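Summary of structural features
So the chains spell out like this:
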Amino acid sequence: MNERGPKVVRDPELDLRQAGDGTSVHVLSGAWDIRALESRARALKARLDELAGKPASWDLSGVQRLDHVGALLLWRAWGKIRPTALSLRPEHEIFFANLEGHQAVPAVQWRFDALAPIRGVGNIALLLLDHVLDMLRLFGQTLMDSLELLRHPSRGPWREISASIYRSGTEALGITAAVGCLIGVTLSYLSSEQLRSFGADTFIVNILGLGIIRELGPMICAVLVAGRSGSAITAQLGVMRVTEELDALAVMGIPYTVRLILPKVIALAVAVPLLVLWTSAVALIGGAFSAKLQLGMSMTQFILGLPAAVPSINLWLGVGKGVVFGALIALVACHFGLRIQPNTESLGAGTTRSVVTSITVVILADAIFAIIYADVGISLS
Amino acid sequence: MSNGATVEPVIEVHGLWTVFGEYVVHRDLELTVMPGEIVSLVGGSGSGKTTLMRQILGLENPHRGSIKVFGIPLQGSHPALLKKIRRRWGVLFQEGALYSALPVFENIALPLRELRAFDEGFIHDMVMLKLDMVDIERRHAWKMPSDLSGGMIKRIALARALVLEPELLFLDEPTAGLDPDRSESFVRLIQSLQAKLGFTVIMVTHDLDTLVSLSDRVAVLAEQKILFYGSLAEVVAVGHPFVKNFFLGERGLRALAAAPEQMYVPAQTVIRNSSGG
């Protein structure tokens, strides 16, 4: 850029010439800037490396343009030492001055660490412990906030709760119905094939009724809600953390646990059991429809057979699971949302971890339910 | 820097219209920036400074009119040609816009790597050189942007903007969010780099101190066009209400008082006139 004007800018060139006194001179000419070097850097570097070994003086006075890229290319070829015999245009001096100023390269030392794997395992364990403690603290805080809410119901974040129920419940009706229906049809189709070979057609009601109401309905709902609302909650809190909105709430004296976390926990604890009922109902209808096609069992027969085949305690168990799963998903999502660091990668990783963890936690909770209520509601009367 | 008749302008904006719905932001706007100049765009809030800069950068399209950068029209040129233009300019965004997922080193190395022309050793040395140029210690090279202070982010963003040896540098509020001390040293840094490397600078700023100490020319954006375009002294000398408000308020006077000598005299006369009338 220093040499603008009508003069034609030539390509970078490098020649070895013999001077009058018998010594050799490397003569550089043309443009040695990034625009010219971009496409030729590799070829020129190879040639420079080859030439730099030979003792000779350097003549850069024919260089039309120079910038840091050209200067650095030469500098590296010279082994980061300025050649003793160098002729240079005064206005190009500046590019080398910048290079000479800082010779020291920071020593990056990679030391062998025999304890690294052990330390790694320890760090993972500590991180896990940290997560568990953090989540417990959040759970305790939410419990205390809900007690406060019971004492002063008028000051509760009702608007937020209602909005959250709408977002995570009402808006999820479509997807849960679609998935529930498909699962019901599939389960019914597969079971009826088996049952027909035993001539035990009527047991389709027991299998579908018990399986869907007690187990599948709550699980499908939990997985869908974890993917839909869990990720949204984590991302929302994460962005609020990044943009310091959480701190803004805190300095206004509005505890974010009450305003943001409690409404989400309550909303999911309310919305998920309702979604469970809805999903189970749609799945059973799908199953009954499939049974009609496969086994010729009428829909009425199926529905009338349900109360006898499935004790009503299973319905309460399904709803109870919905409450627990909903609250767990919200807590896990909030926990990961609050731990997000102010960078884009952390936001993505945090959201993924939140969804994976909440599904895992839900399955764990489901297993605990199964053990505790092993003797409840499965009597084949 | 020779501004002879043969020298082509770096930026040419001609007959530019920007319309948001019913609201006309720019009406028939004209702007020419010559190489080696430092041009400041000033104007009130909503006058469309940032929009104009984004249009020159090709991030937004104007409603009507043409924008040429390095003599190449931004509208209707081949994408490969536009890509070449983009490698010849550097942009310093207001918040730095460092890639938060990458450490400082990778942030600066990214444009170089994209060229696929240089080996790892070269890229390393180049990044370190650029860090030296913006006075950032090399030990910070592997830190993440979130671990850095606002002043360091600005400097590193400047290093990234300069890594492809740009001929044109865009600065969006270069000193916003910096304390006066840091902002002054950042201005000095830009000034010394510009003096050494001779690139053209176009900047949007509200900060009068930055404006006074950096700009060769000031473009006042008001009433939907570039109302005045000239040296700071010339602009201050016109008695337009916006200019009076902007430059001749208490803060403006203080900033102008610190201006170089040739500036100071005409500014002073104008001040007397304005306070008299």
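Predicted model, so just to flag it, every value in this text is computed and none were measured.

Regarding the confidence of the model for chain A
Residue and element names in this part refer to chain A.
- Looking at chain A, the pLDDT average stands at 87 and 95% of residues meet or exceed 70.
- The spread of mean pLDDT over the elements of chain A runs between helix α4 (residues 93-101), the lowest at 76, and helix α12 (residues 313-338), the highest at 95.
- Low confidence marks residues 1-6, where pLDDT is under 50. Its contacts with residues over four positions away, or in another chain, come to 16 contacts.

Overview of the domain arrangement of chain B
All names here are of chain B.
- If you check the domain split of chain B, you get domain 1 (11-230) and domain 2 (231-277).
- Summarising the inter-unit geometry, the C-alpha centres of domain 1 and domain 2 are found 27 Å apart.
- Counting residues at the interface gives 17 residues for domain 1 and 15 residues for domain 2.
- The contact between domain 1 and domain 2 buries some 1400 Å² in all, and 78% of this surface belongs to carbon and sulfur atoms.

Here's the deal with the side chain of S47(B)
- Looking at where S47(B) falls in the secondary structure, it is placed in the loop between β3 (38-43) and α1 (49-56).
- Non-local contacts of S47(B), meaning those with residues more than four positions away in its chain, are made with V25(B), H26(B) and L221(B).

Remarks on the confidence of the model for chain B
- In this model, chain B carries a mean pLDDT of 82, and residues with pLDDT of at least 70 account for 90%.
- Note on residues 261-277 of chain B: pLDDT under 50 across the span, and 15 contacts to partners over four residues away in sequence or across chains.

Some words on the sheet that holds strand β2 (residues 23-33) of chain B
Residues and elements named next belong to chain B.
- One open sheet holds the four strands; their spatial order is β2-β1-β4-β5, and the pairing between them is antiparallel. Edge positions in the sheet fall to β2 and β5 (72-73), since each has one partner strand and no second.
- Looking at chain direction, strand β1 (residues 11-20) and β2 are connected through seven bridges and run antiparallel. Looking at β2, one finds that F20 is bridged to Y23.
- α1 contacts β1, β2 and β4 (64-69) of the sheet and is inclined by roughly 125° relative to β1.

Considerations on the domain arrangement of chain A
- What the domain assignment reports for chain A is domain 1 (13-101) and domain 2 (139-372).
- Taken over C-alpha atoms, the centre of domain 1 of chain A sits 69 Å from the centre of domain 2 of chain A.

As for the nonpolar core
Residue and element names in this part refer to chain A.
- Grouped together as the largest cluster of nonpolar side chains are 72 residues, with contacts concentrated most on W32, L60 and F96.
- With near-sequence residues (within four places) excluded, L60 lies in contact with L28, L74, W78, L86, S87, L88 and F96.
- Listed in part, the 32 residues of the second largest apolar core include I233, V265, A330 and L338.

A word on the interface of chain A and chain B
- Taken together, the 28 residues of chain A in the interface contact 30 residues of chain B.
- Summing the contributions of chain A and of chain B, the shared interface buries around 2900 Å²; its carbon and sulfur component is 61%.
- At the boundary of chain A and chain B, one finds five salt bridges.
- In this structure, the salt-bridge partner of D119(B) is K45(A), at a minimum N-O distance of 3.8 Å.
- Linking chain A with chain B are eight residue pairs in polar contact (both at pLDDT 80 or more), by the criterion used here.
- Those elements that provide at least two residues to the side of chain A that touches chain B are α1 (34-37), α2 (41-52), α3 (68-77), α4 and α13 (344-372) of chain A.
- Residues belonging to the side of chain A that touches chain B are distributed by class as follows: 13 nonpolar, six polar and nine charged.

Rules behind the numbers
- Residues numbered from 1 in each chain as written.
- Chains lettered and ligands numbered in written order.
- Predicted model: local features only at pLDDT ≥ 70, side-chain atom pairs only at ≥ 80, totals over all residues.
- Heavy atoms only, no water.
- pLDDT = per-residue confidence, 0-100.
- Helix = DSSP H or I, 4+ residues; strand = E, 2+ residues; numbered from the N terminus.
- Contact = heavy atoms within 4.5 Å.
- Domains from an automatic or database assignment.
- Buried area = accessible area lost by both parts, 1.4 Å probe.
- Pairing = 2+ DSSP bridges.
- Axes fitted to C-alpha atoms, helices over the stretch in contact; angles between N-to-C directions.
- Core = buried A, V, L, I, M, F, W, Y, C linked by side-chain atoms within 4.5 Å.
- Buried < 20%, exposed > 50% of the residue type's maximum accessible area, 1.4 Å probe, protein only.
- Salt bridge = Lys/Arg side-chain N within 4 Å of Asp/Glu carboxyl O.
- Polar contact = N/O pair within 3.5 Å; in protein donor to acceptor, adjacent residues only side chain to side chain.
- Nonpolar A, V, L, I, M, F, W, Y, C, P; charged D, E, K, R; others polar.

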